[in-house]
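Results of the structural survey
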Amino acid sequence: MKIKINFFLFSLLFLCVLTTHVFSQETDHLRLNDVRILASHNSYKKKPDPKVLKFLYKVKNKIGPENDPIQLDYGHELLSTQLNDYFIRGFELDIYFDPKGGKFSKRKINSFVGGLRTKSKEVDLKTPGFKILHIADIDYETNYVTLESALAELRIWSQKHPLHCPIFVNIEVKATSPGDLSKILRNLGFKRATKFTGNTFHLLDSIIESNFSADQLFTPVDMKNGNTSLRARIKNEGWPLYNDCRGKICFVLEGDNIDLYKNKVDRPLFVYGDKEDDNVLFLLRNEPMNHEAEINALTDQYIVRTRSDAGTLEARKNDYARFFAALTSNAQIISTDYYKADPTIGKFVIRLGEEFILRAP
């Protein structure tokens, strides 16, 4: 049975949840995995142009469920606004690789939509490097064209708030696009994505390390702390103290081709993976409903990310069941598209009300 409640009742219920996870100002004994934060999903994304959405609705039966326009119709504030106004402490940045520059300068979907330019005026799209967008040629509106521009905003905010709660940033590798999945789309000019190689990941490492000082990053080397593996660190010492991680940013890799990156703990990014891997400490469990006990059992040893909503569906139904399941699961990172309500949809909003709440013992 789905839970549908008005916001006032939700606020009362949520207050009860918070009082059972009391946020103490005394943090001396907290471990990093005790902290539970709210994150945004596809944190860079803007809403698609209404004309693009209208066209996608007309052809949605031919473009696959992953391109369903109802699930693309959301967008986010700037990262600094999310940090300042909504206590967001986790982000997700999707990156495509553009080795020569200009790969994403043409928005192919606009060729079929009247009144929109196909060629973008964004100068940064012409430069080589990592570009941030959701779905190449289709869902391209973004607050940050390049990875460096998003990292710069995070770096500056972190420098201004040196005692902030640790921030977790998911870097999702996008090495497939609609042009990879459909010959028809390729014939229409939709481009294949560039595959990531070992050298691509080394370039990613260098960009992360050049944008942040060693004092700002929390890395696998920091976590390993001389142990034989990341899991050995947990077994021998446990998770680091929360206070030792304040002011730090932790990057975690997910997505395509990341097997090329795994098990190399002398690098700046952690990796989402399988719990059987001795060098994996971060797990994805995006569906909390009916998995609360399973996720809860993992949170002593791992940091788990889950989702409170997806594809605008919960927001359109004002349905908080998935969020309550996420809270019950004890997952440390709860990802949402709705830290701020979208008035065109309704009053659905997900908040924790502080930088963090505590994982239940």
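For the structure, check the block above.
The text that follows walks through the structure, step by step, so that each part is easy to find. Not measured: the values here are computed from a predicted model.

1. Considerations on the overall build of the chain
Along the backbone of the chain there are 13 helices and ten strands. A globule of 361 residues ought to have a C-alpha radius of gyration of about 21 Å, and the chain, at 20 Å, matches this closely. Taken over the C-alpha atoms alone, the chain extends approximately 60 × 50 × 40 Å along its principal axes. Expressed as a percentage of its 361 residues, the buried residues of the chain come to 56%. Once local pairs closer than 6 in sequence are excluded, the contacts in the chain between residues at least 24 apart make up 74%.

2. A few points about a positive patch on the surface
There is a patch of like positive charges on the surface, built from Lys106, Arg117, Lys119, Lys121, Lys126 and Lys191. As for its placement among the helices and strands, arginine 117 is situated in the loop between strand 2 (88-98) and strand 3 (129-132). Owing to a relative accessible area of 52%, arginine 117 belongs among the exposed residues under this scheme.

3. Digging into the nonpolar core
By size, the foremost hydrophobic cluster in this structure holds 52 residues, and its most contacted members are Leu147, Ile171, Leu204, Phe251 and Leu253. Among residues more than four places away in sequence, those in contact with leucine 253 are Ile171, Val173, Phe201, Leu204, Ile258, Tyr261, Leu269, Phe270, Val271 and Tyr272. Listed in part, the 25 residues of the second largest apolar core include Leu30, Leu32, Trp239 and Leu358.

4. Brief notes about the packing of aromatic side chains
For the coordinates displayed, the defined rule picks out 19 aromatic pairs. Summarising the aromatic geometry, the rings of phenylalanine 97 and phenylalanine 130 are spaced 5.1 Å apart at their centres and angled 40° between planes, so their arrangement reads as tilted. Of this pair, phenylalanine 97 sits in strand 2 while phenylalanine 130 sits in strand 3, placing them 33 residues apart in sequence. On the basis of relative accessibility, which here comes to 13%, the residue phenylalanine 97 falls in the buried class. Taking NZ or CZ as reference, lysine 45 lies 4.4 Å from the ring centre of tyrosine 74, over its face. The lysine or arginine in question, arginine 305, covers the ring of tyrosine 272, its NZ or CZ lying 5.7 Å from the ring centre.

So, how was this worked out
- Residues numbered from 1 in each chain as written.
- Predicted model: local features only at pLDDT ≥ 70, side-chain atom pairs only at ≥ 80, totals over all residues.
- Heavy atoms only, no water.
- Helix = DSSP H or I, 4+ residues; strand = E, 2+ residues; numbered from the N terminus.
- Rg over C-alpha atoms; globule rule 2.2 N^0.38 Å.
- Buried < 20%, exposed > 50% of the residue type's maximum accessible area, 1.4 Å probe, protein only.
- Contact = heavy atoms within 4.5 Å.
- Patch = residues over 30% accessible without salt bridge, like charges linked within 9 Å, V, L, I, M, F, W, Y side chains within 5 Å.
- Areas by Shrake-Rupley, 256 points an atom, 1.4 Å probe, with all protein chains shown as cover.
- Salt bridge = Lys/Arg side-chain N within 4 Å of Asp/Glu carboxyl O.
- Lys, Arg positive; Asp, Glu negative; His and termini not counted.
- Charge placed at Lys NZ, Arg CZ, Asp CG, Glu CD.
- Core = buried A, V, L, I, M, F, W, Y, C linked by side-chain atoms within 4.5 Å.
- Phe/Tyr/Trp six-rings, centres within 6.5 Å; stacked < 30°, edge-to-face > 60°.
- Lys NZ or Arg CZ within 6 Å of the ring centre and 35° of its normal.

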